[in-house]
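Summary of the model geometry
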Amino acid sequence: MSQEQPQDNEFGAYQARHSAPEQGTEFAPGPTSPVSGPGGQAAARAAYEGAQKNRPDTAIPEEEHVVAPEPAEQTSEETVEQASEETTAEQPESDQAQAMDDSPEGLAVAFENETSEREQELIDQLQRVSASYTNLENEYHAYVRRSKRDLEEAAQRGTSKVLEGLLPVLDEIGLARAHGDLETGPLAKIAEKLETSLFKQGVERFGVEGDVFDPTVHQAISHDVRELPEGVTDTTVVQVMQPGYRIGERVVRPAIVGVADPK
């Protein structure tokens, strides 16, 4: 229920009380009556409000003025903190990032990142140097092996040239020894020294009766079938017409032989 409805009821009661005639008198409201005359309603309303104002319990309260509380004084720490927050809020993102980087935590993170990057660079550099060293070492060992092989081959070629020139002499020495002409005498000593010197240089004489025929070192000029010693099952050298010579794996001259198969 609104506040105006009780006031209207009280005003109606007030109007009826002041407009009713006293007991024993006649009253007829006329044109000049305070209630029914011109402006009677307005006058009655004004009189009612004046009476209400004079009543202490029904006085219309005046408009209340609310006084806003004064702001509390800020301490110096709060002022500094507020100013710092405002400054931080006004700073652009780049300035905030710069301020964060300048902090101890930011500097520690930046130092750690820089250290990790530098460490990775050093590791990559070390791996490249190690790979280069390994390749260089492999190339060096290959060069050493190739050089040794080349030197050996060069020495063998040189010895082969000398041996090829001495083959006729060696053949004559072999025939003379087979006929018994080099059993004694100065020529026997010379032949022995010559052969010893060649053998010291890696020259090897091969091709004797009983060897298994090897086409890589033997040159067969005769081939037949005959009785061979017991247990022999392969083609065997049965006659040596001319011995062969080689230096290491290099065959200077194959042996000229006659071979036979077992029956």
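Small disclaimer: the values here were computed from a predicted structure and weren't measured.

Overview of the pattern of salt bridges
With the rule as written, the count across this model stands at six salt bridges. Arg177 is the partner of Glu195 in a salt bridge, and the nearest nitrogen-oxygen pair spans 3.3 Å. Here Glu195 is found in helix 6 (residues 186-200), whereas its partner Arg177 is found in helix 5 (residues 104-178), with 18 residues between them in sequence. A salt bridge links Arg205 to Glu195; the nearest nitrogen and oxygen atoms lie 3.3 Å apart. With a gap of 10 residues between them, Arg205 in strand 1 (residues 203-206) and Glu195 in helix 6 connect regions that are remote in the sequence. What makes Glu195 buried here is its relative accessible area of 8%.

Remarks on the sheet that holds strand 6 (residues 255-262)
Strand order in the open sheet made by the three strands is 2-6-3, with mixed pairing throughout. Bordering the open sheet on either side are strand 2 (218-226) and strand 3 (236-242), each of which pairs with just one other strand. Along the sheet, successive strands turn relative to each other by an average axial angle of 25 degrees, direction set aside.

A closer look at the sheet that holds strand 1
Here three strands make up an open sheet; going across it, the order is 1-4-5 and the pairing antiparallel. The two strands at the open ends of the sheet, each matched to only one other strand, are strand 1 and strand 5 (250-253). Taken over all neighbouring pairs, the strand axes of this sheet differ in orientation by 30 degrees on average, direction set aside. In this structure, strand 1 lies alongside strand 4 (residues 244-247), joined through four bridges in antiparallel fashion. Of the residues in strand 4, the one forming a bridge with Arg205 is Tyr245. Helix 5 contacts strand 1, strand 4 and strand 5 of the sheet and is inclined by roughly 30 degrees relative to strand 5.

Observations regarding helix 6
In a regular helix each residue adds 1.5 Å, so 15 residues correspond to 21 Å; helix 6 covers 21 Å between its end C-alpha atoms and thus fits that length. For helix 6, the set of buried residues is Ala188, Ala191, Glu195 and Leu198. One face of helix 6 carries all of its buried residues, which in axial projection span an arc of 100 degrees. Relative to its buried face, helix 6 has exposed residues pointing more than 90 degrees away, namely Pro186, Lys189, Ile190, Lys193 and Lys200. On its buried face, helix 6 sits against helix 5 and strand 1. With its phi angle positive at about 95 degrees, Gly202 sits one or two positions after the end of helix 6.

Describing the packing of aromatic side chains
What the rule picks out here adds up to zero aromatic pairs. Residue placement shows Arg246 over the ring face of Phe206; its charged tip is 4.7 Å from the ring centre.

Some details on the packing of helix 5 against helix 6
It is at 11 Å that the axes of helix 5 and helix 6 come closest, and there the two elements cross at 135 degrees. As the angle between them shows, helix 5 and helix 6 are arranged oblique. Read as a crossing pair, helix 5 and helix 6 show a hand that is left-handed. Between helix 5, through Leu163, Leu166, Val169, Leu170, Ile173 and Arg177, and helix 6, the contact on the second element is made entirely by Ala191, Leu194, Glu195 and Leu198. The residue inventory of the contact of helix 5 with helix 6, partitioned by class, reads eight nonpolar, no polar and two charged.

Conventions used here
Residues numbered from 1 in each chain as written. Predicted model: local features only at pLDDT ≥ 70, side-chain atom pairs only at ≥ 80, totals over all residues. Heavy atoms only, no water. Salt bridge = Lys/Arg side-chain N within 4 Å of Asp/Glu carboxyl O. Helix = DSSP H or I, 4+ residues; strand = E, 2+ residues; numbered from the N terminus. Buried < 20%, exposed > 50% of the residue type's maximum accessible area, 1.4 Å probe, protein only. Pairing = 2+ DSSP bridges. Axes fitted to C-alpha atoms, helices over the stretch in contact; angles between N-to-C directions. Contact = heavy atoms within 4.5 Å. Expected span 1.5 Å × (residues − 1). Arc of directions from axis to C-beta. Phe/Tyr/Trp six-rings, centres within 6.5 Å; stacked < 30°, edge-to-face > 60°. Lys NZ or Arg CZ within 6 Å of the ring centre and 35° of its normal. Parallel < 35°, antiparallel > 145°, perpendicular 65-115°, else oblique. Left-handed = near helix turned anticlockwise from the far one by under 90°. Nonpolar A, V, L, I, M, F, W, Y, C, P; charged D, E, K, R; others polar.

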